[in-house]
Amino acid sequence: MKKYELFVKKWYENLEEGKITAVKCNECGTVEFPPVYVCRDCSGTDMEWIEISGNAKILDIMDVKYMSSSISVSEMQGSTGGTSNGVSKEDSRPAVIQLEEGPMLNTRIYGVNSTNKEELWEKLPLDCKAFIVQKDGFKTVGFMYEGEEE
Ligand SMILES: [Zn+2]
């Protein structure tokens with residue numbers, strides 16, 4: 001098995017054990033998520049597995065600017081008809097987040113939908129939290145906006 005595949009395998013094995021992990025470069029201290037086996041900052045290969053806190057910030061919600069116009073168009077056109085928006089698909093949006101440990105990534109953020117995304121976008125950055133998503137036969141990591149303290 002290739003080194004990269006071993007790395008990916010280890011990440012999934014950690015998830016099976018309930019651990020969300022990243023790697024930390026022992027040469028420069030950079031944390032990489034998703035894990036990479038060569039540090040993108042210094043090209044070092046001395047990478048150590050660390051368990052992350054799961055705390056993260058939403059920096060951007062990707063489709064707010066584009067979608068706001070097209071949604072109002074489709075709402076006008078679709079005013080006579082039904083539920084064309086898939087419900088489950090609307091439970092998450094593409095976003096840019098930053099982990100407490102430093103890495104930034106493009107991912108989907110759950111708890112943000114077409115109803116609240118513009119309101120939330122105005123308030124960025126907002127806290128979110130990593131969680132383990134059970135997919136068909138494997139686990140992966142999702143990020144959830146859990147709302148604000150009222
Ligand atoms: Zn490094």
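## Notes on the overall build of the chain
Then, in step 1: For the chain, the count of helices and strands is three helices and eight strands.
Then, in step 2: Starting at the N terminus and ending at the C terminus, the chain contains elements arranged as α-β-β-β-β-α-β-β-α-β-β.
Then, in step 3: Taking the intrachain contacts of the chain between residues at least 6 apart in sequence as the baseline, contacts between residues at least 24 apart amount to 57%.

## Structural notes on the sheet that holds strand β4 (residues 55–61)
Then, in step 1: Strand order in the closed barrel formed by five strands is β4-β5-β6-β8-β7, and the pairing between neighbours is mixed. Across the sheet, the axes of successive neighbouring strands diverge by a mean angle of 55°, strand direction being ignored.
Then, in step 2: Alignment of strand β7 (residues 126–134) against strand β8 (residues 139–144), held across six bridges, turns out to be antiparallel. In the sheet register, Gln134 faces β8, and the bridge partner there is Lys139.

## Here we look at the confidence of the model for the chain
Then, in step 1: Across the chain, pLDDT averages 84, with 81% of residues at or above 70.
Then, in step 2: In the model, residues 67–89 has pLDDT below 50 throughout and makes five contacts with residues more than four positions away in sequence or in other chains.

## Looking at the sheet that holds strand β1 (residues 21–25)
By way of backbone hydrogen bonds, the strands of a sheet pair with one another, either parallel or antiparallel.
Then, in step 1: Taking strand neighbours across the sheet as the criterion, the three strands line up as β2-β1-β3 in an open arrangement whose pairing is antiparallel. Strands at the two margins of the open sheet, each flanked by one partner only, are β2 (31–32) and β3 (47–51).
Then, in step 2: Summarising the sheet, β1 and β3 pair through five bridges and their orientation is antiparallel. Across the sheet, the residue bridging to Thr21 is Glu51, located in β3.

## Focus: helix α1 (residues 3–16)
An α-helical segment advances 3.6 residues per turn. Residues three or four places apart therefore align on the same side.
Then, in step 1: The first and last C-alpha atoms of α1 sit 20 Å apart over 14 residues, in line with the 20 Å expected at 1.5 Å per residue.
Then, in step 2: Among the 14 residues in α1, one count as buried, and that is only a small part of the element.
Then, in step 3: Gly18 sits one or two residues past α1 and shows a positive phi near 85°.

## Overview of the nonpolar core
Then, in step 1: Counting 23 residues, the largest nonpolar core has Ile58, Ile97, Ile109, Cys128 and Tyr145 as the members making the most contacts within it.
Then, in step 2: Two domains each put at least three residues into this core: domain 1 (1–52) and domain 2 (53–72 + 87–150).
Then, in step 3: Among all residues touching Tyr145, those that are not within four sequence positions of it are Ile58, Ile109, Tyr110, Gly111, Val112, Leu120, Leu126 and Cys128.

## Some words on the pairing of β1
Then, in step 1: Among the five residues that make up β1, four are buried, leaving the element largely enclosed by the rest of the structure.
Then, in step 2: Across two bridges, β1 lies against β2 in antiparallel orientation. What sits directly across from Val23, in β2, is Glu32.
Then, in step 3: Counting the residues in the hairpin turn of β1 and β2 gives five residues, including Gly29, whose phi is positive at 85°.

## Digging into the environment of Leu124
Then, in step 1: Mapping Leu124 onto the fold places it in the loop between α3 (117–122) and β7.
Then, in step 2: Looking at Leu124, the number of C-beta atoms within 10 Å reads 14, which means it is partly exposed.
Then, in step 3: When the C-alpha atoms of Leu124 and Asp60 are compared, they prove to be 7.0 Å apart, with 64 residues separating the residues in sequence.
Then, in step 4: Every residue in contact with Leu124, bar those within four places of it in the chain, is listed here: Ile58, Leu59 and Asp60.

## Focus: unusual backbone geometry
Then, in step 1: In this model, Phe33 is joined to Pro34 through a cis peptide bond whose omega is -5°.
Then, in step 2: With respect to the secondary-structure elements, Pro34 resides in the loop between β2 and β3.
Then, in step 3: Cis geometry marks the peptide bond from Leu124 to Pro125; its omega dihedral reads 0°.
Then, in step 4: Structurally, the position occupied by Pro125 is in the loop between α3 and β7.
Then, in step 5: The backbone phi angle of Ser43 is positive, close to 65°, even though this residue is not glycine.
Then, in step 6: As for its placement among the helices and strands, Ser43 is situated in the loop between β2 and β3.

Analysis parameters
Residues numbered from 1 in each chain as written. Predicted model: local features only at pLDDT ≥ 70, side-chain atom pairs only at ≥ 80, totals over all residues. Helix = DSSP H or I, 4+ residues; strand = E, 2+ residues; numbered from the N terminus. Contact = placed C-beta atoms within 7 Å. Pairing = 2+ DSSP bridges. Axes fitted to C-alpha atoms, helices over the stretch in contact; angles between N-to-C directions. pLDDT = per-residue confidence, 0-100. Expected span 1.5 Å × (residues − 1). Buried ≥ 20, exposed ≤ 12 C-beta atoms within 10 Å, placed from the backbone. Core = buried A, V, L, I, M, F, W, Y, C linked by C-beta atoms within 7 Å. Domains from an automatic or database assignment.

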